[in-house]
Amino acid sequence: MADTPKIRFKGFADAWEQRKLGETLYNLQNNTLSRAELSLENGVAKNVHYGDVLVKFGEVLDVQKELLPMIVDESIVAKYRSSFLQNGDIVIADTAEDETVGKCSEIAGLSDEKVIAGLHTIPCRPLFNFASGYLGYYLNSDAYHRQLLPLMQGIKVTSISKSALQDTEIQYPKLLEEQEQIGTFFRNLDHLITLHQHKCDETKELKRYMLQKMFPRNGKKNPEIRFAGFTDAWEQRKLGEVFEQTAIFVNPNDEVIELWSLTVEDGLTPKSERYNREFLVKKDTNFKEVRPGDIVYNPMNMTLGAVGYNGMAKSVAVSGYYTTMIANEGYDSYYINTWLKSPQAVSLYKTFATGSLKEKQRVQFPALSIIPVSFPTYEEQEKIGAYFARLDHLINLHQRKCDKLKEVKKFMLQNMFPQKG
């Protein structure tokens, strides 16, 4: 008998079963077709490639929802007729570049499709019934995967053998009802994660589109999309007239102030969440204050759009290497922050950047300040800035929800299955 997990659904108290994988699942055949031998357009059978199991597919692979490459040659498919996958089968990736080897997907959503396990996979079929989803989530949990670590072989490429897997232990509730509740719980979590990630990606795509359309193309005086009521031509300004550089240095040893960093994708991010504060202070004693409403950019990554905005009610500190700025009177900070990350801005940085192509090109403040840009009235700036602020809020909201749900899933995977040893 197996141990019982820390967290269980109400009404279940029976001890869990424990069996060796070789007593629970039996192996099917897999083909050895490479990516080059598969087609994304047409074919006679779908193929589950190990690379997709490692990177793309989740614990449960719904063949109706995922795009699977296809086998074109009917004679090859005929060889594996006895190993066509069924709902509930498990496809294990037996090779990876790291310890993710052993990651697997449980097949679901099959009706009359022909699906075959492909290169570097170990396809398995349960010898008796399991509730849908249970094995997919259990076999990917830390409770099971820890057993695989001492069985892995290789240095640059890590692999695990069929024979090694046979003696690993599988634990499961006796009652299918409990298995079903566990599988349903994790599928619902995955659905919510996918939903918020989809909404986040959709909003990012909308933002990318509007960044291209709500600012004039270089050389033009008006954008393609404007809010109703605004018809005035935009006026050209040099960026040095729009904002000014700040240089308020702080000593984090003397002041309690959060240390932040800057990325192209996320803008300002808390650095002390990733690094020890004492290490950061020793490494870089030169920090600048970024006050509420200030803008910051990385001169070395300006051509990629590495710009941040402090929309909080408190100051934070960044490396003194970054350039910090404040909008001049008559200019909206969030509008400027948004424009600085637009495709039009990035193309201008490349024109005004200094440094050879062999090294990263720099956009120091003197070069930035002479760039000519068309600006609307302050009222239109506010309107545009507020619109993009709402988009950014939605992106952050969905990303935070997605990240929180992933943490919940990670915690539950650790606690809803018994830990061995």
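Treat the numbers as computed from the prediction; the structure is a model and nothing was measured.

Here helix 6 (residues 176–213) crosses helix 12 (residues 378–415) at 160 degrees, and the two axes come no closer than 9 Å. Relative to helix 12, the element helix 6 lies roughly antiparallel. Here helix 6 and helix 12 pass one another in a crossing that is left-handed. Looking at the contact of helix 6 with helix 12 residue by residue, the classes come out as 19 nonpolar, five polar and eight charged.

Per the counting criterion, the structure on display carries 23 aromatic pairs. Ring geometry for Phe 128 against Tyr 172: centres 5.9 Å apart, planes inclined by 50 degrees, an arrangement best described as tilted. Residue Phe 128 is found in the loop between strand 11 (121–126) and helix 3 (134–139), and its partner Tyr 172 is found in strand 13 (residues 169–172); the two are separated by 44 residues along the sequence. A relative accessible area of 26% means that Phe 128 is categorised as partly exposed. Classification of Tyr 172 as buried rests on a relative accessible area of 5%.

A separate point is the environment of Ile 193. Positionally, Ile 193 belongs in helix 6. Judged by its relative accessible area of 11%, Ile 193 is buried. With 212 residues separating them in the primary sequence, Ile 193 and Leu 405 have C-alpha atoms 6.2 Å apart. Not counting the four nearest positions on each side in its chain, Ile 193 is found in contact with Cys 402, Leu 405, Lys 406 and Lys 409.

Strand order in the open sheet made by the three strands is 16-19-22, with antiparallel pairing throughout. Lying at the two open borders of the sheet, with one neighbouring strand each, are strand 16 (249–250) and strand 22 (316–319). With two bridges connecting them, strand 16 and strand 19 (residues 287–290) associate as antiparallel partners. Within strand 19, the position partnered with Phe 249 by the bridge is Lys 288.

Attention now goes to the pairing of strand 13. Side chains Glu 169 and Gln 171 of strand 13 all project onto a buried face; the interleaved residues Ile 170 and Tyr 172 project onto the opposite face, where all are buried too. Pairing of strand 1 (residues 17–20) with strand 13 involves four bridges; the strand directions are antiparallel. Its bridge partner lying in strand 13, Glu 17 is registered against Tyr 172.

Turning our eyes to something else, we now look at the nonpolar core. With 49 residues, the main nonpolar core has Val 48, Tyr 134, Ile 170, Phe 186 and Phe 417 as its most contacted residues. Membership of the second largest hydrophobic core comes to 35 residues, among which are Leu 211, Leu 340, Tyr 349 and Val 363.

Here is what the cut-offs are and how they apply
Residues numbered from 1 in each chain as written. Predicted model: local features only at pLDDT ≥ 70, side-chain atom pairs only at ≥ 80, totals over all residues. Heavy atoms only, no water. Axes fitted to C-alpha atoms, helices over the stretch in contact; angles between N-to-C directions. Helix = DSSP H or I, 4+ residues; strand = E, 2+ residues; numbered from the N terminus. Parallel < 35°, antiparallel > 145°, perpendicular 65-115°, else oblique. Left-handed = near helix turned anticlockwise from the far one by under 90°. Nonpolar A, V, L, I, M, F, W, Y, C, P; charged D, E, K, R; others polar. Phe/Tyr/Trp six-rings, centres within 6.5 Å; stacked < 30°, edge-to-face > 60°. Buried < 20%, exposed > 50% of the residue type's maximum accessible area, 1.4 Å probe, protein only. Contact = heavy atoms within 4.5 Å. Pairing = 2+ DSSP bridges. Core = buried A, V, L, I, M, F, W, Y, C linked by side-chain atoms within 4.5 Å.

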